[in-house]
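Structure at a glance
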Amino acid sequence: MELSILALQAVKIAFDAMDKVSGGALEKAGANVLDFLIKRFQGKLQIKRSDSKILEAAILCEAGKDDQFQEDLERLVTQYHQTQNTFNISQSTDSGANFNFGSNAGTVIGQQKIETQQFFRR
């Protein structure tokens, strides 16, 4: 992943975790990014929402000096995005919620019954 994009995404994820915008597994994945950054910059930089550009610059500087830092951060950002893309639940119809399981390899419970049921007579 391009380093500047990695830094930008890491900052966004960390601040989302600070705001607790997400829930469940996504919140945990965001907290992992935030914890990683807090531990890395402990004593050097206080991470505050208002200092996103400073944090982004610190990430770029640190990643330029330490390949392991960049690899670890990239792994955490990728895990966050994979968790984020695992499921989406939305309600766009009057008949109920639409479930979209982006990386589901199996069958959603009830899906087979609906697909095999005939709604119209022949």
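Structure's up top.
For the structure given in this document, a descriptive report is provided here. (Residues numbered from 1 in each chain as written. Predicted model: local features only at pLDDT ≥ 70, side-chain atom pairs only at ≥ 80, totals over all residues. Heavy atoms only, no water.)

1. So, the overall build of the chain
Helices and strands together make up the secondary structure of the chain, namely five helices and two strands. Looking at the chain residue by residue over its 122 residues, the buried ones come to 26%. In the chain, the share of contacts with a sequence separation of at least 24, taken over all contacts with a separation of at least 6, comes to 55%. Summing over all exposed atoms, the chain offers an accessible surface of approximately 8,700 Å²; the carbon and sulfur share of this is 51%. (Helix = DSSP H or I, 4+ residues; strand = E, 2+ residues; numbered from the N terminus. Buried < 20%, exposed > 50% of the residue type's maximum accessible area, 1.4 Å probe, protein only. Contact = heavy atoms within 4.5 Å. Areas by Shrake-Rupley, 256 points an atom, 1.4 Å probe, with all protein chains shown as cover.)

2. With respect to the nonpolar core
Counting residues in each nonpolar core, the largest one holds 25 residues, and the members touching the most others are Val 33, Leu 37, Leu 55, Ile 59, Phe 69 and Leu 73. Sorting the residues of this core by element identifies α1 (3–19), α2 (24–40), α3 (52–65) and α4 (67–84) as the ones contributing at least two each. Here this core gets eight residues from one element, more than from any other, and that element is α1. Phe 69 has contacts with Phe 36, Leu 37, Arg 40, Phe 41, Ile 59, Glu 62 and Ala 63, leaving out every residue within four places of it along the chain. (Core = buried A, V, L, I, M, F, W, Y, C linked by side-chain atoms within 4.5 Å.)

3. Remarks on α2
With 17 residues, α2 extends 25 Å from end C-alpha to end C-alpha; this agrees with the ideal 24 Å at 1.5 Å per step. Those residues of α2 that sit buried are Leu 26, Ala 29, Gly 30, Val 33, Leu 34, Phe 36 and Leu 37. Taken down its axis, α2 places every buried residue within 155 degrees of arc, on the same side. With respect to the buried face of α2, the exposed residues turned more than 90 degrees away are Gly 24, Lys 28 and Lys 39. (Expected span 1.5 Å × (residues − 1). Arc of directions from axis to C-beta.)

4. Quick look at the pattern of salt bridges
Enumeration over the complete set of coordinates arrives at three salt bridges. For Arg 40, the salt bridge is made with Glu 62, and the minimal N-O distance between the two is 2.8 Å. Highlighted residues: Arg 40 in helix α2 and Glu 62 in helix α3, separated in sequence by 22 residues. Take Glu 62: its relative accessible area is 10%, and that puts it in the buried class. The closest approach of N and O atoms between Asp 66 and Arg 40, which form a salt bridge, is 2.5 Å. Taken together, the residues Asp 66 in the loop between α3 and α4 and Arg 40 in helix α2 connect sequence positions 26 residues apart. Taken together, the salt bridges that share partners define one network made up of Arg 40, Glu 62 and Asp 66. (Salt bridge = Lys/Arg side-chain N within 4 Å of Asp/Glu carboxyl O.)

5. Section: the environment of Gln 9
The topology assignment puts Gln 9 in helix α1. It is 9.9 Å that separates the C-alpha atoms of Gln 9 and Thr 78, two residues lying 69 residues apart in sequence. Leave out the neighbours within four places in its chain, and Gln 9 touches Met 1, Val 77 and His 81. A polar side-chain atom of Gln 9 sits 3.0 Å from a polar atom in the side chain of His 81. (Polar contact = N/O pair within 3.5 Å; in protein donor to acceptor, adjacent residues only side chain to side chain.)

6. Some words on α3
For α3, spanning 14 residues, the distance from its first C-alpha to its last is 20 Å, which sits close to the expected 20 Å at 1.5 Å a residue. Restricting attention to buried positions, one finds in α3 the residues Leu 55, Glu 56, Ala 58, Ile 59, Glu 62 and Ala 63. Down the axis of α3, the sector holding all buried residues measures 160 degrees, keeping them to one side. Among the exposed residues of α3, those oriented more than 90 degrees off its buried face are Lys 53, Gly 64 and Lys 65.

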